[in-house]
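Each chain, written out:
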Amino acid sequence: MNNKDLAKNVLELVGGEQNISGLTHCATRLRFVLKDDSKANLKALDQLEGVLRAQNSGGQIQIVIGAKVDAVYSEVRNLTSDNTGEPAEPGDRGPKKRRNPVNVVLETIAGIFTPVLPALVGCGMIKCLATVITAMGYLEGSGFLTIINMIGDCIFYFMPFFLAVSAANRFKTNPYLAVALAAGLMHPIILNAASQIAETGVNSIDFLGMPILLMKYSSSVIPIILAVWIMSYVYPIVNRVIPKFLQVLLTPMIVLFIMIPVELIVLGPVGSYIGDWLINGINSLFSTAGVLAGAILGFFKPIMVMFGMHYAIMPIQVQQVATLGATVLLPTALAANLAQAGAAFGVFVLTKSKTMKSAAASSGFTALFGITEPAIYGVTLKYKRPFFAGCLAGGLVGGFYSLVHTTANAISLPGVLAIGTYTSDRYMYVVIGCIAAVVLGFVFTLLAGIKEDTDGSKSKQQATGKVNDNPTVVATEVPSESVSSQTSTSSDMLIVSPMTGEIKPISEVEDQAFAQELMGKGIAIVPTEGKVYAPFDGVVEALYRTKHAIGLKAANGVEILIHIGVDTVSLKGKYFNAHIEQGQTIKAGDLLVEFDPEGITSAGYKTITSIVVTNMQPYGDVLTTATSGPIRESEALIKLIP
């Protein structure tokens, strides 16, 4: 499935464009904030070819794609309007819904720091290069090395500006006013006065009788986030009060007049104290129980990645590097990532599947460079034992790194390319830890073994219809003579044709998801009439807003997908007319959808219709009455053999 087709399917299965209130992505996953999470079909999303995992975590629908996530994200954006998920005006957050506060916090942190990651990682890798050059004794004191160090440090000197833009997008407020708030924190009057406190003895500026404490905010994280968050509420209030013809002039002025003093008097100091408290707390934990703390973080890091919770510690890592020059948290992530790489290589040795060998090898190398989702979702978690073998190895090496006081002096992807940014009691300990993590993950996986017959891998019947586990009606059971030339029993189940037309093999459908039976086994029909009827008593499990696809389910669990045409989702409902609604109970012979075959053809689309059984697991085989020839509505079409 190419990126465009994957994007189309993802967009449909999250409930369509109208259900999206926010969309972003990180290094490996799409992150949707939906208006109604119940409209997202996680089961079908999880089975899509190209999707490693789909889950609802941290208040988001997270769809793990892997390395090509940026390309898929671009295709999703191309399929949606420019203002998808954007408010009508700054501060407008759309429909309100009650949500778990913890999920909201995690979602907010991820939403703010994910867009900044490229700059953080880029500067981190430049810092790694500068460290290596310095350690080798080359170009010492040169202008080249000075500039390289400057590039590596620049994001930390101007952190409020980066976070201001990201936070403004997250909180749906004006990004340029957010940058102005960052400028208030970074103005030379504040920074210079703060740096001269020891000389002048002046530690505050009077503002209408209220003291503005002189503090350095150049590397701060929390103050600007708090300021932009508060402004996202202040802006719309001010905008509503000011007459429309004066809003352009007065709204920005009043918002800045309110917000910059508030951030300098209250939010800046409070945010700085919170940041210091978090840093001191983490450092205290590692100084008193360092080995245990490192082991716990090293063990649970892959589990945090599974639920998208690893971003929760990102602000602490950034604040530690910005304030102290190093973080004690990133080495545990390095240990965890390399351990999962070792576990993936262990699966490569153990598995007999050529496909899995290829996946294990490629994802193992990806994990070595700091991106573990393909290894976790595509390999180790499928077999379960290798995943926990990797967790154990990561925990042991994480404890070792804490024991030898390993730290990272830059934010980068925790992989082998960034080991130049790590320091320890002796640098050799960093290298030893990297080797140990891979080797232990590999050895523990070999010892734990895998079960090929219970690997939990997805069947590639990439259902795009919405399904659930609540059967409500039964499919028809027929005697063996109902279908000729096939051996059957009296318990065989028959599905009749939902339309009149010409039978074609499913392999002739110009959609590889159907042609290769990735969606499930079935048959295709080139319709001669533009009507689709219910093939059995059942329930409409899914009816897409474009009306080109219908998902049906019977009481005994039979699930079928009727997909009219190829790429007809692009018609956006034109030429289709639905007579049913999602969730509606239907009877055999009920008219479900009418469509205009000539109109669809004239628009450049083919009408060949795929009819597939999307839940193959309960059945021994799915047989068809014929692979060619005419068929009328309600004639025998598909037989299911238990």
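Residues numbered from 1 in each chain as written. Predicted model: local features only at pLDDT ≥ 70, side-chain atom pairs only at ≥ 80, totals over all residues. Heavy atoms only, no water.

A. Structural context of unusual backbone geometry. Even without being a glycine, Lys572 presents a positive backbone phi close to 55 degrees. Inspection of the secondary structure puts Lys572 in the loop between strand E16 (559-563) and strand E17 (576-578). Since its relative accessible area comes to 67%, Lys572 is described here as exposed. With phi around 75 degrees, Tyr575 is a residue other than glycine that occupies positive phi space. Given the relative accessible area of 25%, Tyr575 is considered partly exposed. (Helix = DSSP H or I, 4+ residues; strand = E, 2+ residues; numbered from the N terminus. Buried < 20%, exposed > 50% of the residue type's maximum accessible area, 1.4 Å probe, protein only.)

B. Spotlight on the sheet that holds strand E15 (residues 549-553). Spatially, 8 strands are ordered E18-E14-E15-E16-E20-E12-E11-E22 in an open sheet, and the strand pairing comes out antiparallel. Each edge of the sheet is formed by a strand with only one pairing partner; in this case those strands are strand E18 (585-586) and strand E22 (629-631). Bridge count between strand E11 (residues 501-504) and strand E12 (residues 521-527): 4 bridges; the pairing is antiparallel. The partner of Ile503 across the bridge, within E12, is Ile525. (Pairing = 2+ DSSP bridges.)

C. Summary view of a nonpolar patch on the surface. A surface patch of nonpolar side chains, about 500 Å² in accessible area, is lined by Val132, Met136, Tyr138, Leu139 and Phe144. Along the chain, Phe144 turns up in helix H6 (residues 143-157). (Patch = residues over 30% accessible without salt bridge, like charges linked within 9 Å, V, L, I, M, F, W, Y side chains within 5 Å. Areas by Shrake-Rupley, 256 points an atom, 1.4 Å probe, with all protein chains shown as cover. Salt bridge = Lys/Arg side-chain N within 4 Å of Asp/Glu carboxyl O.)

D. How the structure looks around the sheet that holds strand E13 (residues 531-533). Taken in spatial order, the 3 strands of this open sheet run E13-E19-E17, and their pairing is antiparallel. Edge positions in the sheet fall to E13 and E17, since each of these pairs with one other strand and no more. In this sheet, neighbouring strand axes are inclined to one another by 15 degrees on average, regardless of whether the strands run parallel or antiparallel. With 3 bridges connecting them, E17 and strand E19 (residues 591-595) associate as antiparallel partners. Across the sheet, Phe576 pairs through a bridge with Phe595, a residue of E19. (Axes fitted to C-alpha atoms, helices over the stretch in contact; angles between N-to-C directions.)

E. The pairing of strand E23 (residues 636-641), seen in detail. Among the 6 residues in E23, 5 count as buried, and that is most of the element. Pairing of strand E10 (residues 493-496) with E23, which is carried by 4 bridges, proceeds in the antiparallel orientation. By the bridge assignment, Ile495 is partnered in E23 with Ile638.

F. Region of interest: the pattern of salt bridges. Per the counting criterion, the structure on display carries 4 salt bridges. Among the salt bridges present, the one from Asp153 reaches Lys127, with a minimum N-O distance of 2.9 Å. Here Asp153 is found in helix H6, whereas its partner Lys127 is found in helix H5 (residues 117-135), with 26 residues between them in sequence. Assessed through its relative accessible area of 22%, Asp153 is described here as partly exposed.

G. Just the nonpolar core, in detail. Within the largest apolar cluster, 46 residues are counted, with the highest numbers of intra-cluster contacts made by Phe113, Leu120, Phe156, Leu163, Ile224 and Val318. For this core, the leading source of residues is helix H11 (residues 222-241), giving 8 residues. Listed in part, the 36 residues of the second largest apolar core include Leu6, Val14, Val72 and Ile608. (Core = buried A, V, L, I, M, F, W, Y, C linked by side-chain atoms within 4.5 Å.)

H. Layout of the packing of helix H7 (residues 159-171) against H11. At a minimum axis separation of 9 Å, H7 and H11 run at an interaxial angle of 35 degrees. Both H7 and H11 take part in a crossing whose hand is right-handed. The segment H7 lies against H11, with Pro160, Leu163, Ala164, Ala167, Ala168 and Phe171 engaging Ile224, Ile225, Val228, Trp229 and Ser232. Each residue belonging to the contact of H7 with H11 can be placed in one class, and the counts come to 10 nonpolar, 1 polar and no charged. (Left-handed = near helix turned anticlockwise from the far one by under 90°. Contact = heavy atoms within 4.5 Å. Nonpolar A, V, L, I, M, F, W, Y, C, P; charged D, E, K, R; others polar.)

I. Examining the environment of Ile550 more closely. Within the fold, Ile550 resides in strand E15. Of the residues examined, Ile550 reaches a relative accessible area of 0% and is grouped as buried. Between the C-alpha atoms of Ile550 and Val540, which are 10 residues apart in sequence, the distance is 7.2 Å. Residues in contact with Ile550, not counting those within four places in the same chain, are Val532, Val540, Ala542, Leu543, Ile560, Leu561, Ile562, Leu592 and Val593.

J. Examining H6 more closely. Over its 15 residues, H6 runs 19 Å from end to end, which matches the ideal 21 Å to within 8%, given 1.5 Å per residue. Of all the bends found along H6, the most pronounced is centred on Ile151 and spans about 35 degrees. Buried residues of H6: Leu145, Ile148, Gly152, Ile155 and Phe156, and no others. Where H6 is buried, its residues meet H5, H7 and helix H13 (314-324). (Expected span 1.5 Å × (residues − 1). Bend = angle between axes of the 7 residues up to and from the residue.)

K. The arrangement of the pairing of E11 in detail. For E11 and E22, the ladder comprises 3 bridges, and the chain directions are antiparallel. Looking at E22, one finds that Ile503 is bridged to Gly629.

Worth remembering: the numbers are spatial, not functional.
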